[in-house]
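# Coordinates in review
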Amino acid sequence: MSRAKPEDDEYWNSSKFSAFTFDDEDDEFTKMKESKRAVNSILVDDDDDDDDVEKVSWSGEPIGSISWSVKETASSFRSSGEQSFPKIDTAPSLPKQGSGYSLSSLFKAFTDTSTRAYAPELRKPKSECKDYMSDWSPEETVRRMRKGRAYSLERFRSLQDKLLLLDEAVSLHDGNVITAVLIYLKRSLSKEILFRELMVREVALRHYVHYLKEMGEQKLLLMQYKEHLNIKDEGRRRDFLKSCLSLPFSQDDAMHVQDHYTLLERQIIIEANDKRGEAEIFRKYPRKASILNMPLITTLYYSCFYHYGEPEGTFSSPANIRKTFRISEKQYILTALGARAKLKSWFDVDSLFNTKNWLGYTKKRSPIGFHRVVDILQKNNAPAQVLQEYVNLIDDPELRLSLAQKYKCHDIVIDTYKDLKDRQQLIVYQGKVERGSHEDRKIEELINNMQIRWKN
Amino acid sequence: MAQSGRRDAPELPDFSLLKRLARDQLIYLLEQLPGRKDLFIDADLMSPLDRIANVTTLKQHEVDKLYKVELKPIVSTADQLCFLIRPRIQTVKWISDVVNLDKAAGRLRRYKIIFTPQKFYACEAVLEEQGVFGDVTCDEWAFYLLPLDDDIISLELPEFFRENFLEGDQRWVGAAGGALRLIHSLYGPFSKVYGIGQCAKMVYESWREQVEDGEQKTQQPEIGNVFLIDRDVDFITPLCSQVVYEGLVDDIFRIKCGSVEFGPEVTSSDKSIKVMLNSQDKVFNEIRNEHFSNVFGFLSQKARNLQTAYDKRRGMDIQQMKAFVSEELKGLKQEHRLLSLHIGASECIMKKKTKQDFQELLKTEHSLLEGFEVRECVSFIEEHINRQISMIDSLRLLCLLSLTENGLLPKDYRSLKAQYLQSYGIEHLLTFSNLKQMGLLVEQQPGETLTVMESKVGKLVNDKTAGKLTDAFSSLAKKSNFRALSKRLVLIPKSGEEYDLRVPRDMAYIFSGAYVPLSCKLIEQVLERDGWTGLEEITRMLNGHEFAVSGGANGTESRIKADSQRIVLVMFLGGCTYSEISALRFLGRERGYKFIVVTTAITNSGRLLEALLDNHP
């Protein structure tokens, strides 16, 4: 901080610490290459002059700098001992599981069944391209690119050369280089030709799609649908979703997108009515958020909370939502139960499970286990009486016992032990109830009852 | 409690050198822009940067103000702007906008971008397209490896997972190879490299070529063996609920770069406390690998010991007291503080995890792993979705169902997907498409049920037909084959036997004795066999891509210290979990190895699935 001086700028301008750019390297490189060529017009060994270039390429660091010492530390163990690991085959074997929308299927329009065919000998003979840098083979070029050294793609003008370059990049497994080549191909090839060639090159195609995605130029099927998330205004979002309906989705997904559109359409209508919040229920329980863009089940819950009992004809009624979106009975009961329990409408809760048998008796039936019902009721602080009724409906005696004990439904515990003919447990339980209470007397009566055939 | 294991376990290499190298290089790069400058840092680089340098270091090198990169117009008045970022197109576009805005306003500044760990051509192409190439200088900060603990090194590249396995972009292969090259140059030469997975192969090749380009050495190796493994070889393990202390803390509080923030619920005060979680924390070090059921007992014992130590003060004379205060008290106070934090954290975990819901969740996971009462599991998952509880847990269970059953029955797939979309939002269509592409959540193909049937019923079909069937379907989906793998590798200990979690007998203890993590089992097997021989059937079921190579001639072996041969570096490509690290530590103690885990990032079920969500813009 204290070192900040007004002459900093001058320091900068005259500094030997000139910033690193590709151009600099190119310049230096050009000079070196040219002088070498002047001395000797034959092709130079690449590795040798790479080393020369390296000494100055990394930001032109002066010896003694931190970086220099950093490098020294890292490589001070350098020696000539041979430790060579073998090359292994990295070719992919099995193709990956495709999603419903495989990448290649998206470019069907550009498909050309003719396979690529070119011979290596189509590459120009060396004598024709003696010019500086242009004599680098595709292999040398991509390797230089990987190492961050100077390179030039200008010489790859024929389609064959471009494709050789691309295939070479892919075989190197360096995504950075693959994308760099693809950017060059994008600039120098027509879209149709590029896609046609990418069709038969899965790895390159995936890199290209990802690149376009990151650049925000990518509008594949699902990506197009995803675009709706960027639209804030609900009316425009709805219209956009409507326009998505004509996209070629799979049958299942088409139905989901249709649902999405219908749901938002409904939510807009409901929101417009409820925003004013005139009905009593809204004053009593003010809404915490708008219903727009909420999931379907949240919307159903909302409707069970604020619009319960409305006739099926209204858009906001639970019955209408249930029917329109084909909601299963189990899902409906769970959601309605949650909403009505929250409001402590125990009467509504009861009627959710009431069914009449052919004799006209009401019986309680549920598509979800009654232990789950108890769980939900308990979380909503249901009174003991209500809780007890549902604990008693749990089929499995073990589960019933454990929940009855947990929620102190003494009568149920006692009756269940009686049904299980477990006298010992009854005696144990007697120790847990208040002496002289109704429960205590009931247990006392039972354990003295000789009519019961106890199992212990 | 902390098992002593074999006495002859070798010492771990010192990785603090990696931090020093990274810091020195950063300082050098900052000096490339002499004079006062404002520094903009990518949000996800802040914690890693904190581990190797501090604000004073930056200020010493004339960094004036620090800003977080937020992709919004900037307010800085400095004449020089430096951007320390990951190579992302969005960020570079934003920087281009900053530069172009300045140009339009006639404002002159110097700009420097430091990409870490490397720059990408695509980023420079953006600078070129936006017309600012040349106005901005670019540098690379080769900060590949951040040691999080004595035996954990992270590349801190969580995006590696999605970009490599979902998008199919190999841009990070070179970085992983570079990280390996750095370790090799400092702690090598390695004598053996084993690996499995397509990315592992590429990383090996990338590393091999980078080494060929550069140095060769004969220093005394500190690390002998290397194991590279792709995350997609084993998706099941990271999707299971963690029940070992360190894993649980990560699942619940999210450990970030080796540090966790305990909120008021843990500290029982009104403020949050950030704590480093590593072997320096003596209390944590003793419980990190323990099954949670043992942790409370240990902590209360520890509390009693502490009390006794404090009580020593009674009856001391003044000299003794003086010695006590100067020698012991500080340590005791430190321990006291840590102890109360971990007790607070355990209480908080207990509160969350002893709920009935969690018990049922664990039961379902175990049933799925065992292949027991699968229909009950399906209805549990359905109800979980219907109740709109944890979107991620629902997804996790769906993926576990798919992975253990080789896909969902078509009718289940359709119905569960529809209900999921209803509960959590239809935009999750994209999430499902991603999961399908990854093979994490798929529909059973008609043919697959046949092969499963066939393997169950036995030789009803003759070999020839079976061969044809296999041929026909091997080209189809990538199957997880979990049942068969689990049988062959004995991943599920026999049920019914008591499993004493205090005295673990195998790596299954990290999942309450219900499941040996596949990833770690593979490592154990390969090290035991010194290669893949005898595991052909297994690798076939894992879709191949296994390799085992050794470097150098026989003559070099005499020079190699025996100790280094028992130090094994395991590199997880796509992330690993704390539970897997605990399992490897256990394996090391049992077999006299020391494992060093290098990972592209620490992951868990939440992070893994969140990386694949596509429900936001």
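Residues numbered from 1 in each chain as written. Chains lettered and ligands numbered in written order. Predicted model: local features only at pLDDT ≥ 70, side-chain atom pairs only at ≥ 80, totals over all residues. Heavy atoms only, no water.

Operational definition: UniProt positions are given in the numbering used here, feature names are shortened, and annotations may be inferred rather than shown by experiment.
The name given to chain B in an unreviewed UniProt entry is VPS33B late endosome and lysosome associated, with Astyanax mexicanus as the source organism. Recorded under Sequence similarities (unreviewed entry), the UniProt text for chain B is reproduced unchanged: "Belongs to the STXBP/unc-18/SEC1 family."

Looking at an unreviewed UniProt entry, one finds chain A named Spermatogenesis-defective protein 39 homolog and attributed to Astyanax mexicanus.

### Things to note about the overall build of chain B
Formally: For the purposes of this entry, the term helix denotes a DSSP run of H or I that reaches at least four residues, the term strand denotes a run of E that reaches at least two, and both are numbered from the N terminus. Accessible area is worked out with a 1.4 Å probe on protein chains only. A residue is then buried under 20% of its type maximum, exposed over 50%, and partly exposed in between. Any two residues whose heavy atoms approach within 4.5 Å at even a single point are treated as in contact.
A count of helical and extended segments in chain B gives 26 helices and 15 strands. Counting over 617 residues, chain B shows a buried share of 62%. Pairs at least 24 apart in sequence give 78% of the contacts found in chain B among residues at least 6 apart.

### Focus on the pattern of salt bridges
The criterion, for reference: Salt bridge, as used here, is a side-chain nitrogen of Lys or Arg placed within 4 Å of a carboxyl oxygen of Asp or Glu.
Taken as a whole and judged by the stated rule, the model has 67 salt bridges over all chains. Three or more residues are tied together by salt bridges with common partners; here these are Lys87, Glu139, Arg143 and Arg146 of chain A together with Glu205, Arg208 and Glu209 of chain B.

### Regarding the packing of aromatic side chains
To keep it simple, the criterion reads: Centres within 6.5 Å make a pair out of two Phe, Tyr or Trp rings, where for Trp the six-membered ring is used; the pair is then stacked when the planes are under 30 degrees apart, edge-to-face when over 60, and tilted otherwise. Criterion for a charge above a ring: Arg CZ or Lys NZ at most 6 Å from the ring centre, at most 35 degrees from the ring normal.
All chains considered together, the criterion is met by 36 aromatic pairs over all chains. Note on Tyr225 of chain A and Phe249 of chain A: the rings are 6.2 Å apart at their centroids and 90° apart in plane angle, and the pair reads as edge-to-face. Residue Tyr225 of chain A is found in helix H10 (residues 221-226), and its partner Phe249 of chain A is found in the loop between helix H11 (234-244) and helix H12 (251-274); the two are separated by 24 residues along the sequence. For the pair Tyr245 of chain B and Phe284 of chain B, a centre-to-centre distance of 6.2 Å together with 55° between the ring planes defines the contact as tilted. Note that Tyr245 of chain B is positioned in helix H10 (residues 245-253) and Phe284 of chain B in helix H12 (residues 282-287), a separation of 39 residues in sequence. Side by side, Tyr245 of chain B and Phe284 of chain B carry an identical accessibility label, which is buried. Clustering of aromatic rings is evident, with ring pairs tying together Phe282, Tyr285, Tyr301, Tyr302, Phe305 and Tyr306 of chain A. Against the face of Phe156 of chain A rests Arg155 of chain A, its NZ or CZ located 4.6 Å from the ring centre. We note Arg322 of chain A situated over the ring of Tyr332 of chain A; from NZ or CZ to the ring centre the distance is 4.3 Å.

### So, the pairing of strand E6 (residues 146-149) of chain B
Residues and elements named next belong to chain B. Our working rule: The pairing criterion for strands is at least two bridges between them, as found by DSSP.
Strand direction decides the pairing type here: E6 and strand E7 (residues 152-154), joined by 3 bridges, are antiparallel. Residue Leu146 lies in a different strand from E7, and its bridge partner there is Ser154. With antiparallel pairing between neighbouring strands as the criterion, E6 and E7 make up a hairpin whose turn holds 2 residues.

### Section: helix H20 (residues 397-406) of chain A
Residue and element names in this part refer to chain A. The complete set of buried residues in H20 reads Arg400, Leu401, Leu403 and Ala404. Packed against the buried residues of H20 are helix H18 (370-379), helix H19 (384-391) and helix H21 (410-420). Lys408, located one to two residues past H20, shows a positive phi value of around 55°.

### Regarding the sheet that holds strand E2 (residues 63-68) of chain B
Residue and element names in this part refer to chain B. The condition that has to hold: Angular values range over 0 to 180 degrees, each being the angle between N-to-C directions of two axes fitted as lines to C-alpha atoms, with helices fitted over their stretch in contact.
One open sheet holds the 5 strands; their spatial order is E2-E1-E3-E4-E5, and the pairing between them is parallel. With one partner strand each, in any of the chains shown, E2 and strand E5 (136-140) form the two edges of the open sheet. Along the sheet, successive strands turn relative to each other by an average axial angle of 20°, direction set aside. Bridge count for strand E3 (residues 80-85) against strand E4 (residues 110-115) is 6 bridges, and the pairing is parallel. Within E4, the position partnered with Ile85 by the bridge is Phe115. Relative to strand E1 (residues 37-41), helix H2 (residues 43-52) is tilted by about 105°, and along the sheet it contacts E1, E2 and E3.

### A few points about the environment of Leu306 of chain B
Residue and element names in this part refer to chain B. Mapped onto the elements, Leu306 comes out in helix H13 (residues 292-311). Leu306 sits in the buried class, given a relative accessible area of 6%. Separated by 29 residues in sequence, Leu306 and Glu335 place their C-alpha atoms 8.1 Å apart. Setting aside residues up to four positions removed in sequence, Leu306 forms contacts with Leu332, Glu335, His336 and Leu339.

### Some points on the environment of Ala22 of chain B
All names here are of chain B. Relative to the helices and strands, Ala22 resides in helix H1 (residues 16-31). For the pair Ala22 and Ile52, spaced 30 residues apart in sequence, the C-alpha separation works out to 7.5 Å. Apart from residues lying up to four places away in sequence, Ala22 is in contact with Ile52, Trp141 and Phe143.

### Some points on the sheet that holds strand E15 (residues 594-599) of chain B
Residue and element names in this part refer to chain B. Strand order across the open sheet formed by 7 strands is E6-E7-E15-E14-E10-E8-E13, with mixed pairing between neighbours. Bordering the open sheet on either side are E6 and strand E13 (546-550), each of which pairs with just one other strand. This sheet shows a mean twist of 20° between the axes of neighbouring strands, independent of strand direction.

### Here's the deal with unusual backbone geometry
The step from Thr116 of chain B to Pro117 of chain B runs through a cis peptide bond, and the omega angle for that step is 0°. Note on placement: Pro117 of chain B falls in the loop between E4 and helix H5 (121-129). One non-glycine residue, Asn381 of chain A, adopts positive backbone phi at about 55°. With respect to the secondary-structure elements, Asn381 of chain A resides in the loop between H18 and H19. For Glu62 of chain B, which is not glycine, the phi dihedral falls at a positive 65°. Mapped onto the elements of the fold, Glu62 of chain B is located in the loop between helix H3 (55-60) and E2.

### Let's talk about the domain arrangement of chain B
Residues and elements named next belong to chain B. Using the following cut-off: An automatic or database domain assignment provides the domain bounds reported here. Note: buried area is the sum, over both parts, of the accessible area (probe 1.4 Å) each one loses when the two are combined. Residue polarity is assigned by list, with Asp, Glu, Lys and Arg as charged and Ala, Val, Leu, Ile, Met, Phe, Trp, Tyr, Cys and Pro as nonpolar; anything else, Gly included, falls into the polar class.
Under the domain assignment used here, chain B contains domain 1 (15-143), domain 2 (144-240 + 515-616), domain 3 (245-354) and domain 4 (355-444). Buried surface at the junction of domain 2 and domain 4, summed over both partners, amounts to about 1,700 Å²; 78% is from carbon and sulfur atoms. Of all residues in domain 2, Leu166, Leu239 and Leu609 give up the largest surface area on contact with domain 4, accounting jointly for 30% of the area buried on that side. Across the contact surface, domain 2 and domain 4 share 0 salt bridges. Of all elements in the fold, only helix H6 (159-166), helix H9 (236-239) and helix H26 (605-610) reach the threshold of two or more residues within the side of domain 2 that touches domain 4. Element by element, the count of residues in the side of domain 2 that touches domain 4 is highest for H26, at 5 residues. Of the residues contributing to the side of domain 2 that touches domain 4, the split by class is 12 nonpolar, 3 polar and 3 charged.

### As for the confidence of the model for chain B
When pLDDT drops low, the exact placement of atoms in the prediction is not to be read closely. Residue and element names in this part refer to chain B. Note the following rule: Each residue carries a pLDDT score, the predictor's own confidence in it, on a scale running from 0 to 100.
Summarising the model, chain B shows a mean pLDDT of 86, and 89% of its residues fall at 70 or more. Across residues 448-477, where pLDDT falls below 50, the model places 17 contacts with residues more than four positions away in sequence or in other chains. Scored as a complex, the prediction yields pTM 0.80 and ipTM 0.80.

### Quick notes on a nonpolar patch on the surface
Threshold: Every patch collects residues that have over 30% relative accessible area and no salt bridge, joining them within 9 Å if they carry like charges and within 5 Å if they are nonpolar side chains (Val, Leu, Ile, Met, Phe, Trp, Tyr). Residue exposure ignores everything except the shown protein chains as possible cover, and the areas themselves are Shrake-Rupley values with a 1.4 Å probe.
Taken together, Trp358, Leu359 and Tyr361 of chain A make up a surface patch of nonpolar side chains, about 470 Å² in accessible area. Mapping Trp358 of chain A onto the fold places it in the loop between strand E2 (354-356) and strand E3 (362-364).

### As for the confidence of the model for chain A
Residue and element names in this part refer to chain A. Across chain A, pLDDT averages 74, with 71% of residues at or above 70. Residue range residues 1-33 is modelled with pLDDT below 50. Its contacts to residues more than four positions away, or to other chains, number 57 contacts. Below pLDDT 50 for its whole length, residues 103-131 participates in 37 contacts with residues either more than four positions away or in separate chains.

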